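Spelled out from the first residue to the last, the chains are:
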Amino acid sequence: MPAITDPPPAVVAAELDALKTALDASIPAKTDDNTLVATWNIRSFGDLTRKWESKSGDSPTRDLHSALAIARILERFDVIAIQEVKSNLRALRDVLKVLGPGWSFALTDVTYGDAGNGERLCYLFNTDRAQLSGLACELVVPEDLDTPYSTAANAFQRQFVRTPYAVSFRAGRDTFVLVTLHVIYGDRGSDRRKELEGIAKWLREWAERTEDYSQNLICLGDFNIDREGDDQYMAFTSTGLKPAPDHTNLPRTVFDDSHETGALSNFYDQVAWFETLKGKPYLTMQYKTGGNFDFRGILKQGMSTRSMSYRISDHFPLWVEFERLR
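Within every chain, residues take consecutive numbers counted from 1 along the sequence as written. A pLDDT threshold of at least 70 governs which residues receive local features in this predicted model, and a stricter bar of 80 or more applies before side-chain atom pairs are shown or counted, although totals over entire chains, interfaces and linings include all residues. Note that the side-chain values use all heavy atoms of the structure and ignore hydrogens as well as water.

S.K.: Explanation requested: the environment of Val-177 in the structure shown.
M.R.: Here a helix means four or more residues in a row that DSSP labels H or I, a strand means two or more in a row labelled E, and each is numbered from the N terminus. Looking at the secondary structure, you find Val-177 in strand β7 (residues 174–182). Put simply, Val-177 and Leu-132 are 45 residues apart on the chain and 9.9 Å apart in space, counted from C-alpha to C-alpha. We call two residues contacting when some pair of their heavy atoms lies within 4.5 Å. Here Val-177 is in contact with Leu-135, Ala-166, Val-167, Ser-168, Trp-206, Asn-216, Leu-217 and Ile-218, once residues within four sequence places are set aside.

Structure (structure tokens):
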């Protein structure tokens, strides 16, 4: 049985060379002066078929070829929030073998129940460039409805479907808290709106408390927002959260047809923070630029978009670059 650390077949190696070229052109290089943070919903990131190319009837269809490509994308960043990590960690562990001993991870337990979809939230980070700085917690709504971040809809009896996961990191002299989430999709937009409102209120109150300690609070993940300006977007931004400016017109998923229609078909994934708190600029980290990585036409060429989405993902990585304090 082949292993992901074995030399790949020639056809896989050639595709990885093309992937490297595309990544070099799309994502800033790591330097002593920057920090690269990303979010990626990797579709059903769980089990793995240990073949270089999965065949009809194999389950799962994600194979070593796919996992190796995923690892080559992930290694371009310093910290990555990953959504849809499943209870089975085989694919994640194989990816970590490729990334090597300079990488580590932190993740939640599995969220059970139909709405939770058996998912975990996870952070991967390059320990040579970013280290844990002490905090790891889940956002839980308090029972007291008088608090500024509670609502009757998400009080003690109604927690978030997949509890947002916060972890603090240190990169150079910068300290930042990342909060990742995967908002419930539901049957209609209103199902998401109450979660988004509750999360926005929670984050605002937390940011105002941590601002005194020069910490940076950044929210990132899959918010299941359909489009900029819709009710879900307004709920998400209702307390002052601002999405990264360079992400506005970028496609989020492999099924986005904006190159044909001229309009984004979804606005799911976001990286956001508060621009000001107490009348002052909030982030001590200086934002530089941001983008996505569209792997269509590079990975799994000749395969249908749907089939490719189960091997790589149905979402693109979304990233931001900050200037690093030294």
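Picking up after the structure, the text goes on.
S.K.: How should I be thinking about the nonpolar core in this particular structure?
M.R.: Proteins that are soluble and globular tend to have nonpolar side chains buried together. Among buried residues, the Ala, Val, Leu, Ile, Met, Phe, Trp, Tyr and Cys ones that are joined through side-chain atoms within 4.5 Å form a nonpolar core. Categorising residues by exposure relies on relative accessible area from a 1.4 Å probe, with only protein chains included: less than 20% of the type maximum marks a residue as buried, more than 50% marks it as exposed, and the intermediate range marks it as partly exposed. Membership of the largest hydrophobic core comes to 50 residues, with the highest contact counts inside it found for Leu-178, Leu-203, Trp-206 and Trp-273. When sequence neighbours within four positions are dropped, the list of residues in contact with Leu-178 reads Val-37, Val-79, Tyr-123, Tyr-165, Ala-166, Val-167, Phe-169, Ile-218 and Leu-220. Counting residues in hydrophobic clusters, the runner-up holds 45 residues, among them Leu-23, Leu-48, Phe-77 and Ile-82.

S.K.: I keep staring at the packing of aromatic side chains and nothing clicks. Help me out?
M.R.: Only centres within 6.5 Å qualify two rings of Phe, Tyr or Trp (six-membered ring in Trp) as a pair; their planes then separate them into stacked at under 30 degrees, edge-to-face at over 60, and tilted for everything else. In the structure shown here, the tally under the stated rule is eleven aromatic pairs. Where Trp-273 meets Tyr-287, the ring centres are 5.5 Å apart and the plane angle is 50 degrees; that geometry is what we call tilted. Of the two residues, Trp-273 sits in strand β10 (residues 269–274) while Tyr-287 sits in strand β13 (residues 286–292), which places them 14 residues apart along the sequence. Both residues of the pair, Trp-273 and Tyr-287, belong to the buried class. An aromatic cluster of three or more residues is present, and its members are Tyr-123, Phe-125, Tyr-165, Phe-169 and Phe-176. Lying across the ring of Tyr-310, Arg-43 places its NZ or CZ 3.8 Å from the centre. Two conditions define a charge located above a ring, namely a distance within 6 Å from the ring centre to NZ of Lys or CZ of Arg, and an angle within 35 degrees of the ring normal.

S.K.: Looking at this model, I keep getting lost on the sheet that holds strand β4 (residues 119–126). Mind explaining?
M.R.: One key point about sheets: their strands pair by backbone hydrogen bonds, in either a parallel or an antiparallel sense. On the basis of which strands lie adjacent, the open sheet formed by six strands has the order β3-β4-β2-β1-β14-β13 and mixed pairing. Of all the strands in the sheet, just β3 (103–107) and β13 have a single pairing partner and so form its edges. Here the strands of the sheet are splayed against their neighbours by 20 degrees on average, with no regard to which way each runs. Two strands pair under a simple rule: DSSP has to find at least two bridges between them. Relative to strand β2 (residues 79–86), strand β1 (residues 34–45) runs parallel, the two sharing six bridges. Across the sheet, Trp-40 pairs through a bridge with Ile-82, a residue of β2. Packed on one face of the sheet, helix α2 (residues 64–74) meets β1, β2, β3 and β4 and runs near 155 degrees to β1. Throughout, an axis means a line fitted to C-alpha atoms (over the contacting stretch in the case of helices), and angles, computed between N-to-C directions, take values from 0 to 180 degrees.

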